[in-house]
Amino acid sequence: MRIITGKYKGRNLALVPGRSTRPTTAFNREVIFSVHQDYEAKRVLDLFAGTGSLGLEALSRGAAWVDFVEVAPAALATILANITLLDSGDSCHLWRKRVDAYLKTCDDTYDIVFLDPPYLKNLVNPTLSAILERNLLNPGGLIVVEHSPRELLDASLNDRIIKQKGSKSSAFTWLA
């Protein structure tokens, strides 16, 4: 897995060993980052961070800060290795917490939130609700969700959806 563009362009990232984590493929990252391209000086939250590839791609594209949230030990070690590999530790923080626990206590706000939970675990809608209820999104901010095409967003979010794309294996929703 490589960083697509920016200051870390072409740099390889470590993958989480085993099959416990579904990494966002290069194709899927291209889909995500082709829709929204302005990351300059943005504060980013990468939930269910896995390898950290989404947040690290945002840093590569000029984001000022990324908070990574992950609980799985193998994924935590991988994110830390990738942060070290890119020497980007001064621009991010890795939180070892469950996403729901992090969101309950988070006092920060973000310009961009990446949400890529394990598929079909009923995590998308509760996580989106927590982000919106706690007002963690800055004005003009964006939430990018990668989810299973079989996992539908709650109808109460329809007025916040600005774009949707999908394939047989992944769906992408952008909310404001």
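Thresholds, definitions, all that
- Residues numbered from 1 in each chain as written.
- Predicted model: local features only at pLDDT ≥ 70, side-chain atom pairs only at ≥ 80, totals over all residues.
- Heavy atoms only, no water.
- Buried < 20%, exposed > 50% of the residue type's maximum accessible area, 1.4 Å probe, protein only.
- Helix = DSSP H or I, 4+ residues; strand = E, 2+ residues; numbered from the N terminus.
- Contact = heavy atoms within 4.5 Å.
- Phe/Tyr/Trp six-rings, centres within 6.5 Å; stacked < 30°, edge-to-face > 60°.
- Pairing = 2+ DSSP bridges.
- Axes fitted to C-alpha atoms, helices over the stretch in contact; angles between N-to-C directions.

1. Re helix 2 (residues 53-60)
Helical periodicity: at 3.6 residues per turn, an α-helix aligns residues three or four positions apart in one direction.
Here is step 1: Where burial is concerned, most of helix 2 is hidden: 8 out of the 8 residues are buried.
Here is step 2: Within helix 2 the residues assigned to the buried category are Ser53, Leu54, Gly55, Leu56, Glu57, Ala58, Leu59 and Ser60.
Here is step 3: Where the residues of helix 2 are buried, they touch helix 1 (26-35), strand 1 (43-47), strand 2 (65-70), helix 3 (73-86), strand 3 (92-96) and strand 4 (110-115).
Here is step 4: Of the residues one or two after helix 2, Gly62 is the one with positive phi, at around 105°.

2. Some details on the packing of aromatic side chains
Here is step 1: What the rule picks out here adds up to 5 aromatic pairs.
Here is step 2: Taking 5.6 Å as the distance between ring centres and 50° as the angle between the ring planes, the aromatic pair formed by Phe33 and Phe114 counts as tilted. Of this pair, Phe33 sits in helix 1 while Phe114 sits in strand 4, and the two are 81 residues apart along the sequence. Comparing Phe33 with Phe114, the two get one shared label, buried.
Here is step 3: Between Trp95 and Tyr102 the ring centres are 5.4 Å apart and the planes differ by 55°, which places this aromatic pair in the tilted class.
Here is step 4: A relative accessible area of 29% places Trp95 in the partly exposed class.

3. Quick notes on the sheet that holds strand 7 (residues 171-175)
Here is step 1: Read from one edge of the open sheet, 7 strands run 3-2-1-4-5-7-6, paired in mixed fashion. Since the sheet does not close on itself, it has two edges, and those belong to strand 3 and strand 6 (161-166), each with one partner. Going across the sheet, the axis of each strand differs from the next one's by a mean of 15°, ignoring polarity.
Here is step 2: In terms of strand pairing, strand 5 (residues 137-147) meets strand 7 through 5 bridges, oriented antiparallel. If you follow Ile143 over to strand 7, its bridge partner there is Leu175.
Here is step 3: Against the sheet, helix 2 engages strand 1, strand 2, strand 3 and strand 4, with an angle of about 175° to strand 2.
Here is step 4: Where helix 3 meets the sheet, it contacts strand 2 and strand 3, and its direction lies at approximately 170° from that of strand 3.

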